[in-house]
Amino acid sequence: MLDLRYHVASLSAVFLALVVGILVGVGISGRGFVDKSERRNFENRIAALQSQVDQVGAQKALLAQQGQAEHTFVQDTYPVLMSDRLKAKRIGVVVLGSAGRPVGDVRQALVDSGATLSLYRVLKVPIALRPVRRALADRPGFQTPEAIGHELAQEWVTQGVTPIADVVTPLVVEEQRGPAGKALDGVVVVGAMPTSPATAKLVSGMFDGFSAASIPVVGAERIDTAPSAVQAWSRVSNVSTVDDVDTPSGKFALAVLLARGQSGHYGVKQTAEAPLPRVEPAG
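How each quantity is defined
- Residues numbered from 1 in each chain as written.
- Predicted model: local features only at pLDDT ≥ 70, side-chain atom pairs only at ≥ 80, totals over all residues.
- Heavy atoms only, no water.
- Patch = residues over 30% accessible without salt bridge, like charges linked within 9 Å, V, L, I, M, F, W, Y side chains within 5 Å.
- Areas by Shrake-Rupley, 256 points an atom, 1.4 Å probe, with all protein chains shown as cover.
- Salt bridge = Lys/Arg side-chain N within 4 Å of Asp/Glu carboxyl O.
- Lys, Arg positive; Asp, Glu negative; His and termini not counted.
- Charge placed at Lys NZ, Arg CZ, Asp CG, Glu CD.
- Helix = DSSP H or I, 4+ residues; strand = E, 2+ residues; numbered from the N terminus.
- Buried < 20%, exposed > 50% of the residue type's maximum accessible area, 1.4 Å probe, protein only.
- Axes fitted to C-alpha atoms, helices over the stretch in contact; angles between N-to-C directions.
- Parallel < 35°, antiparallel > 145°, perpendicular 65-115°, else oblique.
- Contact = heavy atoms within 4.5 Å.
- Nonpolar A, V, L, I, M, F, W, Y, C, P; charged D, E, K, R; others polar.
- Left-handed = near helix turned anticlockwise from the far one by under 90°.
- Polar contact = N/O pair within 3.5 Å; in protein donor to acceptor, adjacent residues only side chain to side chain.
- Expected span 1.5 Å × (residues − 1).
- Arc of directions from axis to C-beta.
- Phe/Tyr/Trp six-rings, centres within 6.5 Å; stacked < 30°, edge-to-face > 60°.
- Lys NZ or Arg CZ within 6 Å of the ring centre and 35° of its normal.
- 1 Å grid on protein atoms, 1.4 Å probe; cavity = no way out; pocket = protein on both sides within 12 Å on 5 of 7 lines; lining within 4 Å.
- Points joined across faces, edges and corners; volume = space filled by probe spheres on them.

### Description of a positive patch on the surface
Consideration 1: On the surface, R130, R133, R134 and K201 cluster together into a positively charged patch.
Consideration 2: In terms of residues, the positive patch owes the most to one element, helix α4 (residues 129-135), which gives three residues.
Consideration 3: You can see R133 is positioned in helix α4.
Consideration 4: Overall, the relative accessible area of 36% leaves R133 in the partly exposed class.

As structure tokens, this is what we get:
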């Protein structure tokens, strides 16, 4: 599709050239420096420029009509494509640091696709690791941040008892809803990867724990998120990303990935592999 911004710039350039041509032509001819043939050349050039202006104006109007048609298509098809795509699926949302607007976008995607937000955790970033280690002093196998994060994630998203989560969650989570120890069908992670080395290791262990549960794990952010976390997420194995979750196509991509669609990195930014994963009909 033609780039509207390109044509607006082209239109401005043509207008500028037209004005310059007129001024130069009139100024020179007014001083008697040109003969009739040269004046005719100026007039022909001005006429050609005016024709280009008319063509670009027509293209701009066509692009506006195409944009409106595409907007209408998205608005009309989005509810149909999303309906029941994640029906009865239990999804968890883990926020790294402050929640922010992407959480609202993720929630809306889950509502639109029929999913249930079964577990919600907002991590304290950076995480104070020393109190966590003290609380787990009687469990020598859980002293490294990677091991702690891995087990914490496992207990959050799989069925069973939650001894580590019961101890650690109050120390690393500032907001939570939904019980641990219930099997989930997917996890969405929102927020930038932490820069604190200890916290980064714990979060890396969490990603490994989610992946070990054999459920889809998706990092989601908005188009205006800066800096983007996609590159950091993409270095984690078995993690897909959506970089435009604030748009209908981004919400749809998120739902497709959580429904075990083709893993990868999707959206509109340079780090995206494609706008959308391969789409299968809803079951």
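So much for the structure itself; the text now carries on.
### Points about the packing of helix α5 (residues 145-157) against helix α6 (residues 163-172)
Consideration 1: Between α5 and α6, the shortest axis-to-axis distance is 9 Å and the interhelical angle comes to 110°. Classified by the interaxial angle, the pair formed by α5 and α6 is roughly perpendicular. When α5 is examined against α6, the residues I148, E151, L152, E155 and W156 are found in contact with a partner set consisting of P163, I164, A165, V168, T169 and V172.
Consideration 2: Of the residues contributing to the contact of α5 with α6, the split by class is eight nonpolar, one polar and two charged.

### Some points on the packing of α5 against helix α7 (residues 197-212)
Consideration 1: Relative orientation of the contacting elements α5 and α7 amounts to 40°, with a least axis distance of 6 Å. Judged by the inter-axis angle, α5 sits oblique to α7. For α5 against α7, the interelement crossing comes out right-handed. The segment α5 lies against α7, with P145, E146, I148, G149, H150, A153, Q154, W156 and V157 engaging A198, K201, L202, G205, M206, D208, G209, F210 and A212.
Consideration 2: Its residues assigned to classes, the contact of α5 with α7 shows ten nonpolar, five polar and three charged.

### Observations concerning the environment of S113
Consideration 1: Structurally, S113 can be placed in helix α3 (residues 101-113).
Consideration 2: Accessibility expressed as a relative area gives 0% for S113, which makes it buried.
Consideration 3: The sequence separation of S113 and A259 amounts to 146 residues, and the corresponding C-alpha distance is 10.0 Å.

### Considerations on the side chain of S211
Consideration 1: Inspection of the secondary structure assignment puts S211 in helix α7.
Consideration 2: Note on S211: relative accessible area 17%, which makes it buried.

### Structural notes on the side chain of K269
Consideration 1: Counting through the fold element by element, K269 comes out in the segment after β7 (265-266).
Consideration 2: Residue classification places K269 among the buried residues on the basis of a relative accessible area of 18%.
Consideration 3: Here R222 takes part through its backbone oxygen, which lies 3.1 Å from a polar atom of the side chain of K269.
Consideration 4: For K269, the contacting residues outside a window of four places in its chain are E221, R222, I223, T225, S228 and D243.

### Examining α5
Consideration 1: With 13 residues, α5 should cover 18 Å at 1.5 Å per step; its first-to-last C-alpha distance of 18 Å lies within 8% of that length.
Consideration 2: Listing the buried residues of α5 in full gives P145, I148, G149, L152, A153, Q154, E155, W156 and V157.

### Re α3
Consideration 1: With 13 residues, α3 extends 19 Å between its outermost C-alpha atoms, agreeing within 8% with the 18 Å of an ideal straight helix rising 1.5 Å per residue.
Consideration 2: Residues of α3 that are buried include every one of P102, V103, D105, V106, A109, L110 and S113, and no others. The buried residues of α3 all sit within an arc of 160° when viewed along its axis, so they share a single face. Residues of α3 that are exposed and point over 90 degrees away from its buried face: R101 and V111.
Consideration 3: The first or second residue beyond α3 is G114, which carries a positive phi of 85°.

### Some remarks on the packing of aromatic side chains
Consideration 1: Under the counting rule described, the total for this entry stands at zero aromatic pairs.
Consideration 2: It is R107 that lies over the ring of Y120; its NZ or CZ is 4.9 Å from the centre.

### A short note on the layout of surface pockets
Consideration 1: In this model, the second largest pocket occupies a volume close to 270 Å³.
Consideration 2: Lining the second largest pocket are 17 residues, with S98, P102, G191, A192 and T225 sitting closest to its centre.
Consideration 3: Of the residues in the lining of the second largest pocket, the class split is nine nonpolar, four polar and four charged.

All we've got here are geometric facts, nothing functional implied.
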